[in-house]
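What the coordinates show
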Amino acid sequence: MSPPPDGTLKRLETGLSALVRWNESKHIRHEVAARSGCELQSSELRLLEHFDLSEPMRISDIAECMRIDISTVSLQLRPLRRDGLVDATPCDRDRRVTLIGITAKGRATVAKVRAARRELLAEVFTDVPADDLEKAADVLLVVQEHMLAGMRELLGLTPTS
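What counts, and where the lines are drawn
Residues numbered from 1 in each chain as written. Predicted model: local features only at pLDDT ≥ 70, side-chain atom pairs only at ≥ 80, totals over all residues. Heavy atoms only, no water. Patch = residues over 30% accessible without salt bridge, like charges linked within 9 Å, V, L, I, M, F, W, Y side chains within 5 Å. Areas by Shrake-Rupley, 256 points an atom, 1.4 Å probe, with all protein chains shown as cover. Salt bridge = Lys/Arg side-chain N within 4 Å of Asp/Glu carboxyl O. Lys, Arg positive; Asp, Glu negative; His and termini not counted. Charge placed at Lys NZ, Arg CZ, Asp CG, Glu CD. Helix = DSSP H or I, 4+ residues; strand = E, 2+ residues; numbered from the N terminus. Buried < 20%, exposed > 50% of the residue type's maximum accessible area, 1.4 Å probe, protein only. Pairing = 2+ DSSP bridges. Expected span 1.5 Å × (residues − 1). Contact = heavy atoms within 4.5 Å.

**Looking at a negative patch on the surface**
Together, Asp131, Asp132, Glu134 and Asp138 give the surface a local cluster of negative charge. Locating Asp138 in the fold gives a position in helix H7 (residues 130-155). For Asp138, a relative accessible area of 47% gives the class partly exposed.

Structure below.
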């Protein structure tokens, strides 16, 4: 398969950049917090959403996947652990190793945040045909799968067949 035309990639990159800016804007973060009841900082929420997509992990593996320092991960984990959104459990293979994983309360929090975002997206995309939104979702999910594959590769995990 040949690579997409540069003009298409330029448009896609512009759209993705706009979506990221929209999602990270102070107004949208405030609206999501108000609608979901979740007052986490955006970096803490990104970490919680990471756990929602992954198996329990060591702090060093989290730092490597997120491309941030271990001390930063530790700081971001404090409120998540305090609020019972993630917990630490000993590794079955090596009891000296602690794994951090999302709790049921953490998954419920992520679900509330995502529902709030969907409400806001529905307002933005109210006039866009459903078929177009389906195509856009398919394309964006390719990005997510690429990121997950990169995480598995980084950790030396192989996808299950």
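**Examining the pairing of strand E2 (residues 98-102)**
Among the five residues that make up E2, four are buried, leaving the element largely enclosed by the rest of the structure. Summarising the sheet, strand E1 (residues 86-90) and E2 pair through five bridges and their orientation is antiparallel. Looking across to E2, one finds that Ala88 is bridged to Ile100.

**So, helix H3 (residues 42-53)**
Taking 1.5 Å per residue, 12 residues should reach 16 Å; H3 reaches 17 Å between its end C-alpha atoms and fits that length. In this structure, the buried side of H3 is in contact with helix H4 (59-66), helix H5 (70-82), E1, E2, helix H6 (104-124) and H7.

**Some words on the pattern of salt bridges**
Taken as a whole, this structure holds 10 salt bridges when the rule is applied. The closest approach of N and O atoms between Glu24 and Arg46, which form a salt bridge, is 3.3 Å. Of this pair, Glu24 sits in helix H1 (residues 6-24) while Arg46 sits in helix H3, and the two are 22 residues apart along the sequence. Residue class for Arg46 comes out partly exposed when judged on its relative accessible area of 40%. A salt bridge links Arg117 to Glu49, with the shortest nitrogen-to-oxygen separation between them at 2.8 Å. With Arg117 in helix H6 and Glu49 in helix H3, this pair connects stretches of sequence that are 68 residues apart. Exposure class is identical for Arg117 and Glu49. Each is buried.

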